[in-house]
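# Notes for the structure review
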Amino acid sequence: MKLPDYYEFQSAAKIMSGKFALENIPQEMRNLHAVHPMILSDNMLEKIGTLQKVLDALASQGMEAGAIYTDIPADSSLHVVNGIAKEFKRKNCDSLIAVGGGSVIDTAKGVRMLLSQDMDDILEVWGCENLTMGHRVPFIAVPTTSGTGSESTLVAVIKNEARKLKMEFISYYLQPDVAVLDVRMTETLPPRMTASTGMDALCHAIEAYSCIQKNPVSDAYAMKAIELIRDNLEWAVNRGHDGQARLAMANASMMAGAAFSNSMVGIVHAIGHALGGVCHVPHGDAMTILLPHGMAYNYADERTRQLYGELLLPLAGEEIYFSTPKAQRAKQAIKEVWSLRKRLHRSCGLSVRLRDFDVNPEDFEKVAETAINDGAMLVNPRKADVEDVLFILKKAF
């Protein structure tokens, strides 16, 4: 491959993966000179005991939370982030531990942004690379899903409820200090949620590998993530207590997150963000529904066909890859994604159509207009306008 004229790659979080990873959190806190953390999570994780496992790990070495905040919605908002930052200061906390999925971790990133920059409103730092290092706020992420990869990304997505818009904040200073991958955090994840978050991770990796900002390091992360998803997603869905499959998916999500965080995504995410903001379609489900349609759209680009052909190897394995003529590998790669999605639909009811979420086609025009202005569209390998997005939406409906 030809190297880019210039690229940057950073994956700053220390990865703690495997058995007893949770029990190493107190030592990492001490390494970061933090003793009074605010713990962010959500009500469901508190109710089912997942949060308690982290609290127990802290208590096992004499550490306790300075504050616990669990009232974080599925799509975090500007209002929530601003409010938590004020509570952090009121309780004299010195660090953040986020226990949850993408919304919780992105909320923690937003709070860290405000605290580090000594600001009161997160809108003051909206955009790309608007941050300086600022004040040091130690931050540990403990993901409870295997999809967003937020524990390793330099991106936070936070909803502006007034504008019905999911806003992206991008900075290298958003990456956590530590990412904790422990099978106990995902072992109770229901099959359908396991499937949709796994498809989200797959979409991250595929778009990272094919967008125009790709680089050789992000490629390596993306390829390995796809291979891990190929070998473990269906096992994790159908045999939820398979610890090896769960841990493999946690690692795949983290690696896919690092990949797209350093290369970006594309049209699938641009439309998915718009669907989330306008029609409230959950992100993982939007990725599941849109991924093969977005790949089919990008197939018209010659360069992308070559890249999809290369992805057939981690998507399907050596036997199918080498038995498929080179000219047919890109199409076969897209077929593999369709096939995986179909199998997951059969096994756990994973939604594959937008109509499953009561999406109103009358909103498609607004979705399309929002999508073409999304930052992810800028790095998609094939340009798209409103009519192109409308075509994809209708195909996905």
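Fair warning: this is a prediction, and the values are worked out from it, not measured in the lab.

## Re the overall build of the chain
The number of helices and strands found in the chain is 15 helices and nine strands. Its C-alpha atoms give the chain a radius of gyration of 20 Å, within 12% of the compact-globule value 21 Å for 397 residues. Projected onto its principal axes, the C-alpha positions of the chain cover 60 × 45 × 40 Å. Taken across its 397 residues, the chain has 59% of its residues classed as buried.

## Focus: the environment of Thr145
Position of Thr145 among the secondary structure elements: in the loop between strand S6 (139-143) and strand S7 (155-160). The exposure class of Thr145 is buried, given its relative accessible area of 16%. Distance in space between the C-alpha atoms of Thr145 and Gly102 is 7.9 Å, their sequence separation being 43 residues. Ignoring any residue separated from it by four or fewer positions in sequence, one finds Thr145 in contact with Gly101, Thr186, Leu189 and Thr197.

## Details of the environment of Pro37
Looking at the element boundaries, Pro37 is found in strand S2 (residues 37-40). It is 15 Å that separates the C-alpha atoms of Pro37 and Ile105, two residues lying 68 residues apart in sequence. Dropping the residues within four chain positions of it, Pro37 is found in contact with Met29, Glu64, Ala65, Gly66, Ala67, Cys93, Asp94, Ser95 and Ile97.

## Examining the UniProt feature "domain: Fe-containing alcohol dehydrogenase-like C-terminal" (unreviewed entry) in the chain
Mapped onto this numbering, the UniProt entry gives "domain: Fe-containing alcohol dehydrogenase-like C-terminal" (unreviewed entry) at residues 194-397. Secondary structure content for residues 194-397 is 73% helix and 0% strand, and the end C-alpha separation is 23 Å.

## A few points about helix H10 (residues 283-298)
Remark: the principal bend of H10, roughly 45°, maps to Leu290, with a proline, Pro292, within the next four residues. Burial analysis of H10 places 14 of its 16 residues in the buried class, the great majority of the element.

## Some remarks on a negative patch on the surface
Together, Glu365, Glu369, Asp385 and Glu387 make up a negatively charged patch on the protein surface. Residue placement: Glu365 occurs in helix H14 (residues 364-371).

## Examining the pattern of salt bridges
Under the counting rule described, the total for this entry stands at 15 salt bridges. One salt bridge connects Arg112 with Asp177, and the closest N-O pair in it is separated by 3.0 Å. Of this pair, Arg112 sits in helix H5 (residues 102-117) while Asp177 is found in the loop between strand S8 (165-170) and strand S9 (178-181), placing the two residues 65 residues apart along the sequence. As far as the burial class goes, Arg112 and Asp177 line up, both buried. Its salt-bridge partner being Asp177, residue Arg136 comes within 3.0 Å of it at the nearest N-O pair. Taken together, the residues span a long stretch of sequence, with Arg136 in the loop between strand S5 (127-128) and S6 and Asp177 in the loop between S8 and S9 at a distance of 41 residues. We classify Asp177 as buried; its relative accessible area is 17%. Because the salt bridges share partners, they merge into one network encompassing Glu23, Asp182 and Arg184.

Definitions and limits used
Residues numbered from 1 in each chain as written. Predicted model: local features only at pLDDT ≥ 70, side-chain atom pairs only at ≥ 80, totals over all residues. Heavy atoms only, no water. Helix = DSSP H or I, 4+ residues; strand = E, 2+ residues; numbered from the N terminus. Rg over C-alpha atoms; globule rule 2.2 N^0.38 Å. Buried < 20%, exposed > 50% of the residue type's maximum accessible area, 1.4 Å probe, protein only. Contact = heavy atoms within 4.5 Å. UniProt positions renumbered as here; feature names shortened; annotations may be inferred. Bend = angle between axes of the 7 residues up to and from the residue. Patch = residues over 30% accessible without salt bridge, like charges linked within 9 Å, V, L, I, M, F, W, Y side chains within 5 Å. Areas by Shrake-Rupley, 256 points an atom, 1.4 Å probe, with all protein chains shown as cover. Salt bridge = Lys/Arg side-chain N within 4 Å of Asp/Glu carboxyl O. Lys, Arg positive; Asp, Glu negative; His and termini not counted. Charge placed at Lys NZ, Arg CZ, Asp CG, Glu CD.

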